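Analysis of the macromolecular model
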Amino acid sequence: MMKKGIFALILALLVAFPFAGTAVHAEADVSDEVKKGVASYIGEEHYDYDKGSLSIEESESFEVSSSADKEFSQVTMMVVEFQTVRDNIFFEDHKQVIFYDADANAVLPDTKVLDLDQAKEFKDSHAEETGSHLHMGVVLFLHFLMIIVPAIIIYVFIKGWYTTLGFKLKNNVYKTNATF
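Residues numbered from 1 in each chain as written. Predicted model: local features only at pLDDT ≥ 70, side-chain atom pairs only at ≥ 80, totals over all residues. Heavy atoms only, no water.

1. Let's talk about the pattern of salt bridges
- Summed over the entire model, instances satisfying the criterion amount to seven salt bridges.
- A salt bridge links Asp 115 to Lys 70; the shortest N-O distance between them is 2.7 Å. Placement of the pair is Asp 115 in the loop between α3 (110-113) and α4 (117-125) and Lys 70 in the loop between β1 (55-63) and β2 (74-86), with a sequence separation of 45 residues.
- When its relative accessible area of 25% is taken as the criterion, Lys 70 is described as partly exposed.
- Taken together, the shared-partner salt bridges connect Glu 57, Glu 81 and Lys 95 into one network. (Salt bridge = Lys/Arg side-chain N within 4 Å of Asp/Glu carboxyl O. Helix = DSSP H or I, 4+ residues; strand = E, 2+ residues; numbered from the N terminus. Buried < 20%, exposed > 50% of the residue type's maximum accessible area, 1.4 Å probe, protein only.)

Right, here's the structure in full:
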């Protein structure tokens, strides 16, 4: 009885182990106004933005000192994740760092913010995880169909193809079946 229990425990751990690192990241707490502003910015930047797919994974805010001579006083730095869909075939996941001015309710370009130390550190700390990923499942399936459909058609209809060589050999037109 003890052996069965240990075996079941080891099996349960082996089954659960591959899924241990796939925990869903909690979405960061930002106001709805900030989320709407970021969503509208992404919608302007990507015409194929999938509305409702935006999630803000991490956010930090910091005050800009008056000696920095900037037009903004507070910056919210965010790691956002969203999807784009082109022609209902090309699904792409994007992850990027966005800087947001809470006072003006606008996204700040990197050129205005990256000279500040906090913003540069935040962007550098998330540099490895940003980028885009194209899902190739649908594309590969369509390529598979482009190869397999003609092959099936050829296989089904090749039996009905008429060749003159086949007729000539069956009817001994070349007199090759003569016995001497």
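On we go.
2. Here we look at unusual backbone geometry
- The residue Asn 105 is not glycine, and still its phi comes out positive at about 50°.
- You can see Asn 105 is positioned in the loop between β3 (90-101) and β4 (106-108).
- The exposure class assigned to Asn 105 is partly exposed, which follows from its relative accessible area of 36%.
- With phi around 55°, Asn 172 is a residue other than glycine that occupies positive phi space.

3. Describing the confidence of the model for the protein chain
- In this model, the protein chain carries an average pLDDT of 84, and 83% of its residues clear a pLDDT of 70 or more.
- Per-element confidence in the protein chain is highest for β3, whose mean pLDDT is 94, and lowest for helix α1 (residues 2-16), whose mean pLDDT is 64.
- In this model residues 20-24 is a low-confidence stretch, pLDDT under 50, and it forms zero contacts with partners more than four residues away in sequence or in other chains. (pLDDT = per-residue confidence, 0-100. Contact = heavy atoms within 4.5 Å.)

4. As for the pairing of β3
- As paired elements, β2 and β3 share 12 bridges and run antiparallel to each other. Across the sheet, the residue bridging to Val 85 is Phe 91, located in β3.
- In this structure, the hairpin formed by β2 and β3 is closed by a connection of three residues, where Asp 87 is found at a positive phi of approximately 55°.
- A loop of four residues connects β3 with β4, the two strands running antiparallel in sequence, and Asn 105 in this loop sits at a positive phi of about 50°. (Pairing = 2+ DSSP bridges.)

5. Quick look at the packing of aromatic side chains
- Counted under the stated rule, the structure contains one aromatic pair.
- Note on Tyr 49 and Phe 82: the rings are 6.0 Å apart at their centroids and 70° apart in plane angle, and the pair reads as edge-to-face. Taken together, the residues Tyr 49 in the loop between α2 (32-45) and β1 and Phe 82 in strand β2 connect sequence positions 33 residues apart.
- According to the relative accessible area criterion, Tyr 49 is buried, its value standing at 11%. (Phe/Tyr/Trp six-rings, centres within 6.5 Å; stacked < 30°, edge-to-face > 60°.)

6. Observations regarding the side chain of Glu 92
- Its place among the elements puts Glu 92 in strand β3.
- For Glu 92, which is buried and forms no salt bridge, the nearest opposite charge comes from Arg 86, at a distance of 5.3 Å.
- Polar side-chain contacts of Glu 92 include one of 3.2 Å to the side chain of Ser 132.
- Leaving out residues up to four positions away in the same chain, Glu 92 has contacts with Phe 82, Gln 83, Thr 84, Ser 132, His 133, Leu 134 and His 135. (Lys, Arg positive; Asp, Glu negative; His and termini not counted. Polar contact = N/O pair within 3.5 Å; in protein donor to acceptor, adjacent residues only side chain to side chain.)

7. Description of the nonpolar core
- By size, the foremost hydrophobic cluster in this structure holds 13 residues, and its most contacted members are Phe 62, Phe 72, Val 75, Met 77, Phe 99, Val 113 and Ala 119.
- Those elements that place two or more of their residues in this core are β2, β3 and α4.
- With three residues, β2 is the largest single contributor of residues to this core.
- Sequence-distant contacts of Ala 119, defined by excluding residues within four places in its chain, comprise Phe 62, Met 77, Phe 99, Val 113 and Leu 114.
- Within the second largest apolar cluster, 12 residues are counted, among which are Ile 42, Ile 56, Met 78 and Phe 82. (Core = buried A, V, L, I, M, F, W, Y, C linked by side-chain atoms within 4.5 Å.)

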